[in-house]
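# Inside the fold
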Amino acid sequence: MIIFGTKGYLYQLAILTLVCGQCGNPSAHTLRKRVTKFTLFFVPLFPFSTKYLTQCTFCGAEQQVTKEQADQLQTQAVSGQGGQGGPGGQAYGQSQQHPYQRP
């Protein structure tokens, strides 16, 4: 009997101050990377899906972004961290790994 499946991982890359496209409020948005990996006998072997998204902390709306946009937002967050403040927002330290369950 072979046991296989998938397991999801959620990485928080940065926290930015952006204007939400859904509610229109300038609020904090989390930039996240969602990776789904194929597992064999509960051991994650390789990723087969990677998605980047931002989530508004005010209304909870999520928006999927491309890898290039995510890299640009992450660079913007890091440059805003160096004491410049402004619309670049702030990045918070290390990325965190949180497994999530697929419905």
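What comes next is a walk through the structure. Note that the structure is a prediction, hence the values are computed from the model and not measured.

A separate point is the pairing of strand β4 (residues 62-65). Two faces make up the sheet, and in a regular strand the side chains alternate between them. Sheet topology note: the strand β3 (residues 43-56)/β4 ladder contains four bridges and is antiparallel. Looking across to β4, one finds that L53 is bridged to Q64.

Moving on, we come to the nonpolar core. Y9, Y11, L13, A14, L16, L31, V35, Y52, V65, A70, L73 and A77 form the largest nonpolar core, which has 12 residues in total. Counting residues per element, the ones that place at least two in this core are β1 (4-19), β2 (26-40) and α1 (67-81). Looking at this core element by element, the count peaks at five residues for β1. Look past the residues within four positions of L31 in its chain and what remains in contact with it is Y11, Q12, L13, A14, L16, L53, T54, V65, A70, L73 and Q74.

Taken as a whole and judged by the stated rule, the model has one salt bridge. As a salt-bridge pair, D71 and K67 come within 3.3 Å of each other at their nearest N and O atoms. Of the two residues, D71 and K67 are both situated in helix α1; the distance of four residues between them amounts to about one turn of the helix. Given a relative accessible area of 34%, D71 falls into the partly exposed group. Assessed through its relative accessible area of 43%, K67 is described here as partly exposed.

Basis of the calculations
Residues numbered from 1 in each chain as written. Predicted model: local features only at pLDDT ≥ 70, side-chain atom pairs only at ≥ 80, totals over all residues. Heavy atoms only, no water. Pairing = 2+ DSSP bridges. Helix = DSSP H or I, 4+ residues; strand = E, 2+ residues; numbered from the N terminus. Core = buried A, V, L, I, M, F, W, Y, C linked by side-chain atoms within 4.5 Å. Buried < 20%, exposed > 50% of the residue type's maximum accessible area, 1.4 Å probe, protein only. Contact = heavy atoms within 4.5 Å. Salt bridge = Lys/Arg side-chain N within 4 Å of Asp/Glu carboxyl O.

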